[in-house]
Amino acid sequence: MVQARMGSSRLPGKVLRPLAGRSVLGRVVRAARDSGVLADLVVATSVDPVDDAVVTECGRLDVPVHRGPVDDVLSRFVGALDAHPGDAVMRFTADCPLLDPEIVSLVAAVYRAVPGLDYASTSIARTLPRGLDVEIIRADALRTLDRLATDHHRVHVTSYAYTRPELFRVLGVTLAPDRSGLRLTLDTDQDWALVSAVVDHFGDVSVPLAKLADWLDGRPDLRTLNSSVRQKRLEES
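Let me begin by describing the structure that accompanies this report. Because the structure is predicted, anything quoted here is derived from the model rather than measured.

Turning our eyes to something else, we now look at the layout of surface pockets. Of the voids in this model, the second largest pocket is the one considered here, and its volume is about 460 Å³. If you go around the second largest pocket, you meet 20 residues; those closest to its centre are Leu38, Ala39, Ala88, Val89 and Met90. When residues in the lining of the second largest pocket are grouped by element, the largest group, four residues, is from strand β6 (residues 88–93). Grouping the amino acids of the lining of the second largest pocket by side-chain chemistry returns 15 nonpolar, two polar and three charged.

And the structure:
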C-alpha cells in the first residue's frame, strides 16, 4: 500500500509534482511494482476533496485506490486491506520518489525467511537514507494495531508495533555501509532541490542506492542542500 495525499503541511501537493515526466507518486508506484514481490498494489488516500487529484492520477497509473479518513491513516490502511486482502502489507509513502526496488525485494526476502514475524523494517536501526525505508507488517498484526493504537500511532500506521516489541515480534533490517546521513525523502523545498537534481542527472529511472550514494559522495554541494532539515518527531502529525 502506498499512502498518498495532497495536504502536506510543509510541501503541499508534493505527491503529484512532476519529475522527468512522471509524478512523484508515479515513481513510487513504479519502484514498488519493479521489486517483483507484490501480489497487489493499492494507493490509500483520503476522502478530502483535494485528494480527488490523487484518485485521477491513480487512474492514469492503472493502480487501485482506496479512500479513508484524512488523519486516521491506520483506519485507511485497514479499509484498504479489507478491500484488497493479503497475508502481509508493505507500507510505502508517496514522498519517496527515489525508492530502490532492489531494497524492497531484499526486505521482502528477509521477512519471508523468518517465520512468525509481525513486523520488519529498515528504520528500526537506521542505516538507509530517509526516503528509502521499507516496512512489512503481517495483516493480522495490522488489525491488532487498529484495536490498540491511539493518538499519533494512528497517523504513523505501524509505530505502535515497533514501539511495543514486548507485544509484537519485530525485526530490524540493516544494510551496510551506513548511509543514514543522506536525506532522500521529499518533505521540504530543500528536499525538492536535491531530488530534482538527482532526477535531472539520472533521468526517469529507479537508481540503485549504491550508485546514487557514490554519485552524491562527489557532490557535497547537493548533499548539503537539505542537511539542515529537521525530521518531525513521532509525536508530531
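Okay, the pairing of strand β4 (residues 43–46) next. Here β4 shows a buried face lined by Val43 and Thr45 and a second buried face lined by Ala44 and Ser46. Inspection of the sheet shows strand β1 (residues 2–3) paired to β4 by two bridges, in the parallel sense. Counted as the bridge partner of Val2 is Val43 from β4. Bridge count between β4 and strand β5 (residues 65–68): four bridges; the pairing is parallel. Bridged to Ser46 within β5 is Gly68. On the question of chirality, the crossover connecting β4 to the parallel β5 by way of helix α2 (residues 52–61) is right-handed.

Attention shifts here to the environment of Arg147. Along the polypeptide, Arg147 turns up in helix α5 (residues 139–148). The exposure class of Arg147 is exposed, given its relative accessible area of 63%. Considering only alpha carbons, one finds Arg147 and Pro18, 129 residues apart in sequence, at a separation of 38 Å.

What follows deals with the nonpolar core. Core analysis: the largest hydrophobic core is formed by 54 residues, its most contacted members being Leu25, Val43, Leu212 and Leu216. Sorting the residues of this core by element identifies α1 (24–34), α2, β6, α4 (101–113), α7 (189–202) and α8 (209–217) as the ones contributing at least two each. With seven residues, α7 is the largest single contributor of residues to this core. The residues touching Leu212, leaving out its near neighbours within four places in the chain, are Leu98, Leu184, Val198, Phe202 and Val207. Grouped together as the second largest cluster of nonpolar side chains are 21 residues, Leu81, Ala139, Leu142 and Tyr160 included.

Now for the environment of Ile124. Within the secondary structure, Ile124 is located in the loop between β7 (119–121) and β8 (135–138). Relative accessible area serves as the criterion here: at 40%, Ile124 is assigned to the partly exposed category. A C-alpha to C-alpha distance of 31 Å links Ile124 and His201, two positions 77 residues apart in sequence. Look past the residues within four positions of Ile124 in its chain and what remains in contact with it is Tyr119, Tyr162, Val170, Leu171 and Gly172.

Under the counting rule described, the total for this entry stands at three aromatic pairs. An angle of 85° between the planes, with centres 6.4 Å apart, marks the rings of Tyr160 and Phe168 as edge-to-face. Each of the two residues, Tyr160 as well as Phe168, counts as buried. Over the face of the ring belonging to Trp192 we find Arg17, whose NZ or CZ atom lies 4.9 Å from the ring centre.

A word on the packing of helix α3 (residues 73–83) against α5. Put simply, α3 and α5 touch, their axes get as near as 10 Å, and they point 140° apart. It follows from the interaxial angle that α3 and α5 lie oblique. Regarding α3 and α5, the two cross each other, and that crossing is left-handed. For the pair α3 and α5, contact is made by Leu74, Ser75, Phe77, Val78, Leu81 and Asp82 and by Ala139, Leu142, Arg143, Leu145 and Asp146, respectively. Of the residues in the contact of α3 with α5, the class split is seven nonpolar, one polar and three charged.

Before going further, it helps to spend a moment on the side chain of Ser8. When you line up the elements, Ser8 lands in the loop between β1 and β2 (18–19). Polar contacts involving the side chain of Ser8 include one to the main-chain amide nitrogen of Arg10, which spans 3.4 Å. A distance of 3.0 Å separates a polar atom in the side chain of Ser8 from the backbone nitrogen of Leu11. In this structure Ser8 touches Lys14 and Asp187, once residues within four positions along its chain are discounted.

Parameters at a glance
Residues numbered from 1 in each chain as written. Predicted model: local features only at pLDDT ≥ 70, side-chain atom pairs only at ≥ 80, totals over all residues. Heavy atoms only, no water. 1 Å grid on protein atoms, 1.4 Å probe; cavity = no way out; pocket = protein on both sides within 12 Å on 5 of 7 lines; lining within 4 Å. Points joined across faces, edges and corners; volume = space filled by probe spheres on them. Helix = DSSP H or I, 4+ residues; strand = E, 2+ residues; numbered from the N terminus. Nonpolar A, V, L, I, M, F, W, Y, C, P; charged D, E, K, R; others polar. Buried < 20%, exposed > 50% of the residue type's maximum accessible area, 1.4 Å probe, protein only. Pairing = 2+ DSSP bridges. Right-handed = clockwise from strand over helix to strand, strands pointing away. Core = buried A, V, L, I, M, F, W, Y, C linked by side-chain atoms within 4.5 Å. Contact = heavy atoms within 4.5 Å. Phe/Tyr/Trp six-rings, centres within 6.5 Å; stacked < 30°, edge-to-face > 60°. Lys NZ or Arg CZ within 6 Å of the ring centre and 35° of its normal. Axes fitted to C-alpha atoms, helices over the stretch in contact; angles between N-to-C directions. Parallel < 35°, antiparallel > 145°, perpendicular 65-115°, else oblique. Left-handed = near helix turned anticlockwise from the far one by under 90°. Polar contact = N/O pair within 3.5 Å; in protein donor to acceptor, adjacent residues only side chain to side chain.

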